[in-house]
Amino acid sequence: MNMTNIFGFRKKGLNEPEPTGFEALKIYAEESDDKTPPPFFAGRHHIISDIEDICADSWKRRRDFRTQKKAATRLFYGAPGAGKTSTLKYLEAKWNTGSYITSNKDGTPRSEPAPMMLCLEDDGLITNNFLFCKVLADLVAPGSGKHMFSTSQKSRRVFGQFNQPLLSGGREHKVVEQTIQEQISMHAVAQALPHQLWQRPLVIGIDETQNLPEAFDSDAGKLLRQLHAAKHNLPITVVLAGLSDSKKRAGQLGLTRFPGGAIRSLERLNSNELTELKKGFCEMFDIELGPCEYEFDEMLAAADGWPSHLQNTLKPFAQLYVEAGGDIEQVDFMEVEHESQLARQGYYHSRMSTDMATTDFLLAAVMRRLTGRQSSRDVIDLIESEAQNRMNAPSIGEHLPDGKTAIDFFDELIHHGALQERDDGTVHCPIPSFRQFLIEYPTLLETPACLREAFGYDQVPDVEYQDYLGQSENPRIH
Ligand SMILES: Nc1ncnc2c1ncn2[C@@H]1O[C@H](COP(=O)(O)OP(=O)(O)O)[C@@H](O)[C@H]1O
Ligand SMILES: [Mg+2]
């Protein structure tokens, strides 16, 4: 795996060389936070190679004047801290250097130009159809955006004339008006960007998809549907990222007929990906683990493979390693573990919604009975039956939140990352230590602060543990 680093985002003097090794680690130790793109990005090969296959294919189709594939949109979802934003940023940074990350299915290097990426971090741009198209046109061919307004007016006239006989009012009128609106902007983009102006395929990455407006008729809905249907035959691929309920939002916006494997859940890193992270991180910062390799491995293992926990472990490690002047034997790994425990606790508390905190006993009972093999329906039934069993219990912590059904509570747990659907439809808690936290939560406050860190998070069998070895085989990385 090639490396990408955070320092590209820093302001540098014109001729200032990129810091490397120990100097780079110092900056990472001082400046990174839990939102910083990882200095070394590990894994996610199956998702990345799939997206790159689509981009390369869309470029070949453009080159050969063939029709673009429909339903090429991709969606990956996961709880906060799973690495959704980092994955989008990683793709953007790597493609901006002009190279693909993965090779073709047959192992040969890709010969098509690497994609360019328009990364949208909130829904601001995508909810303004016209502005979005202008930005998009400028990205593909700088300066072409300014022609968009006249082109779009012309398109309006063309569509208006074409549909004139139906414009007399009533239902047809509404349908036609809607069609004009839907087609106008992307049509203008297609007009403003003729074949020869395209130099590279384009990926539109949208983060926090669950926050897109849910109205089918929203600008975002119209745009995404057109792109998903490849209506204008442009080499554009949409990649959506967000919490689990992004799947629901995509459906509400009319994005359907996804082929198998187009929607993927972002799980914790498996053991191969962890090994890759360890190797990549140490190489990037010139760290020789020597006699401390075992402690370093244990330190990483405690993070459960959960990307944000890994970051919250590597950062205190980096700080103590820098303080020790790069002498690994002077690093206090107990202190690293202490710091990362605190960060994990902070993460879990921040994941608790008011309803989750009030319904703590019921939630603990449900989490205790997760097997990792139940379907959504099974888990909703489980919530229902646990709530029924507690009907007469005096504490509010035993009951479903006021006015909420088992389905509402299930949706809330999904939204907050306490539950996640896997690609095969089974439901689990994506972070085993979060599950343990939720089980212990009702008694947590009764535990003296000095003892809380003794919570090992290993008392519940790790029923969710699955090594997705299949996904990591033949990762097609140059
Ligand atoms: N593939 C990865 N390899 C290494 N670190 C990662 C990876 N993905 C995410 N991280 C780290 O995990 C943390 C959370 O990632 P982020 O992308 O913010 O998650 P999300 O957007 O899903 O909430 C970040 O600090 C990032 O450094
Ligand atoms: Mg994010």
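No experiment lies behind these values; they were computed from the predicted model shown.

Draft legend 1. Fine view of the overall build of the chain. Along the backbone of the chain there are 19 helices and seven strands. Taken over 478 residues, the chain has a buried fraction of 38%. If you take every contact in the chain between residues at least 6 apart in sequence, the share linking residues at least 24 apart comes to 78%.

Draft legend 2. Fine view of the site of ligand 1. By nearness alone, 22 residues border ligand 1, and Pro38, Gly83, Thr85, Ser86 and Pro307 come closest of all. Contributions of two or more residues to the shell around ligand 1 are made by α3 (84-96) and α11 (307-323). Top contributing element to the shell around ligand 1 by residue count: α11, with four residues. Taken together, the residues that form the shell around ligand 1 break down as nine nonpolar, nine polar and four charged. Two domains each provide a minimum of three residues to the shell around ligand 1, namely domain 1 (6-41 + 268-351) and domain 2 (45-265).

Draft legend 3. The arrangement of the packing of helix α15 (residues 376-389) against helix α16 (residues 406-415) in detail. Put simply, α15 and α16 touch, their axes get as near as 9 Å, and they point 120° apart. Classed by the angle they form, the pair α15 and α16 counts as oblique. Note that α15 runs across α16; the crossing there is right-handed. Of α16, the residues touching α15 (which contributes Val379, Ile380, Ile383, Glu384 and Ala387) are Ala406, Ile407, Phe409 and Phe410. A per-class count over the contact of α15 with α16 returns eight nonpolar, no polar and one charged.

Draft legend 4. Highlighting the nonpolar core. Within the largest apolar cluster, 99 residues are counted, with the highest numbers of intra-cluster contacts made by Val189, Met367 and Leu438. The element best represented in this core is helix α2 (residues 45-63), accounting for six residues. Apart from the residues within four sequence positions on either side, Val189 is in contact with Cys133, Leu136 and Ala137.

Draft legend 5. Summary view of α3. Taking 1.5 Å per residue, 13 residues should reach 18 Å; α3 reaches 19 Å between its end C-alpha atoms and fits that length. Within the sequence span of α3, burial applies to Lys84, Ser86, Thr87, Leu88, Lys89, Leu91, Lys94 and Trp95. In this structure, the buried residues of α3 make contact with α2, β1 (74-77), β2 (116-120), β3 (202-206), β4 (236-242) and α11. At the C-terminal side of α3, Gly98 shows a positive phi close to 95°.

Draft legend 6. The arrangement of the pairing of β4 in detail. For β4, the tally of buried residues reaches seven of seven residues, placing the bulk of the element in the interior. Burial along β4 is two-sided: Ile236, Val238, Leu240 and Gly242 facing one way and Thr237, Val239 and Ala241 facing the other are all buried. Two strands pair when backbone bridges link them, and β1 and β4 are joined in this way by four bridges, in the parallel orientation. Note on β4: the bridge partner recorded for Arg74 is Val239. Pairing geometry for β3 and β4, over five bridges, is parallel. Paired with Ile204 across the bridge in β4 is Val238. One crossover worth recording links β3 to the parallel β4 by way of helix α7 (residues 219-228), and it is right-handed.

The rules we used
- Residues numbered from 1 in each chain as written.
- Chains lettered and ligands numbered in written order.
- Predicted model: local features only at pLDDT ≥ 70, side-chain atom pairs only at ≥ 80, totals over all residues.
- Helix = DSSP H or I, 4+ residues; strand = E, 2+ residues; numbered from the N terminus.
- Buried ≥ 20, exposed ≤ 12 C-beta atoms within 10 Å, placed from the backbone.
- Contact = placed C-beta atoms within 7 Å.
- Near = placed C-beta within 6 Å.
- Nonpolar A, V, L, I, M, F, W, Y, C, P; charged D, E, K, R; others polar.
- Domains from an automatic or database assignment.
- Axes fitted to C-alpha atoms, helices over the stretch in contact; angles between N-to-C directions.
- Parallel < 35°, antiparallel > 145°, perpendicular 65-115°, else oblique.
- Left-handed = near helix turned anticlockwise from the far one by under 90°.
- Core = buried A, V, L, I, M, F, W, Y, C linked by C-beta atoms within 7 Å.
- Expected span 1.5 Å × (residues − 1).
- Pairing = 2+ DSSP bridges.
- Right-handed = clockwise from strand over helix to strand, strands pointing away.

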